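Listed below, chain by chain, are the residues.
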Amino acid sequence: MLSFLRQLAKKWANWIGDRDLELALRKHLDQQGFFGDSATFKDLRLAAVQRPGWLQVYVFGVEAKSRINDEKIVMYGIVRSDERFNKTDIEVFSTRGERQQLLKQWSEGLIKTRRPAG
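We now turn to the structure provided with this report. Please read these numbers as outputs of a predicted model, since none were measured by experiment.

Describing helix H2 (residues 19-31)
And step 1. Taking 1.5 Å per residue, 13 residues should reach 18 Å; H2 reaches 18 Å between its end C-alpha atoms and fits that length.
And step 2. Along H2, the residues that are buried comprise Leu21, Glu22, Leu25, Arg26, His28 and Leu29. Each buried residue of H2 lies within a common arc of 160° when the element is viewed along its axis, so the set occupies one face. Summarising the geometry of H2, the exposed residues directed more than 90 degrees from the buried face are Arg19, Asp20, Lys27 and Gln31.
And step 3. The elements touched by buried residues of H2 are strand S1 (34-50), strand S2 (55-66), strand S3 (72-82) and strand S4 (87-93).
And step 4. Two residues or fewer past H2, Gly33 is found with a positive phi of approximately 95°.

Now the structure itself:
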């Protein structure tokens, strides 16, 4: 029973809340040379949105195991989702600074959230 509860707690701790987005993120990591199923996502949050809400930009942190050396790597990601065209762009970087540069581009002219994107 305790093992089941630990397993359930681990699953909920990594829950994103959007199954389609989670699958897209894991697939992207697979394509980039990581084990997408091994990924642990942290602090996924909305960074910018365009009215009426079809276009959204999210930032997140992720730790995933590399296919090359089985080492867990910490990365910083960004997602641009445009529901009008069913299009999702995902990028991951090794530093926050790289992500911030793309966030600045992708959020230009959009409504930005008050909490600064970390």
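Now that the structure has been shown, the text picks up again.
Re unusual backbone geometry
And step 1. Cis geometry is adopted by the peptide bond preceding Pro52, which originates at Arg51 and carries an omega value of 5°.
And step 2. Here Pro52 lies in the loop between S1 and S2.
And step 3. Phi at Asp43 is positive, roughly 55°, even though this residue is not glycine.
And step 4. Mapping Asp43 onto the fold places it in strand S1.
And step 5. One non-glycine residue with positive phi stands out, namely Asp70, at about 65°.

Re the sheet that holds S1
Backbone hydrogen bonds hold the strands of a sheet together, and the pairing may be parallel or antiparallel.
And step 1. Reading across the sheet, the five strands line up as S4-S3-S2-S1-S5 and stay open at both edges, with antiparallel pairing between neighbours. Unpaired on one side and paired on the other, S4 and strand S5 (111-112) mark the two borders of the sheet.
And step 2. Here S2 pairs with S3 via 11 bridges, running antiparallel. Each bridged residue has a counterpart across the sheet, and for Gly61 the counterpart in S3 is Tyr76.

Thoughts on the packing of aromatic side chains
And step 1. Under the criterion given, the structure shown has one aromatic pair.
And step 2. Look at Phe41 and Phe60: their rings are 5.9 Å apart centre to centre, the planes differ by 65°, and that puts the pair in the edge-to-face class. Separated by 19 residues along the polypeptide, Phe41 in strand S1 and Phe60 in strand S2 bring together distant segments of the chain. Note on accessibility: Phe41 and Phe60 belong to one class, buried.

Conventions we followed
- Residues numbered from 1 in each chain as written.
- Predicted model: local features only at pLDDT ≥ 70, side-chain atom pairs only at ≥ 80, totals over all residues.
- Heavy atoms only, no water.
- Helix = DSSP H or I, 4+ residues; strand = E, 2+ residues; numbered from the N terminus.
- Expected span 1.5 Å × (residues − 1).
- Buried < 20%, exposed > 50% of the residue type's maximum accessible area, 1.4 Å probe, protein only.
- Arc of directions from axis to C-beta.
- Contact = heavy atoms within 4.5 Å.
- Pairing = 2+ DSSP bridges.
- Phe/Tyr/Trp six-rings, centres within 6.5 Å; stacked < 30°, edge-to-face > 60°.

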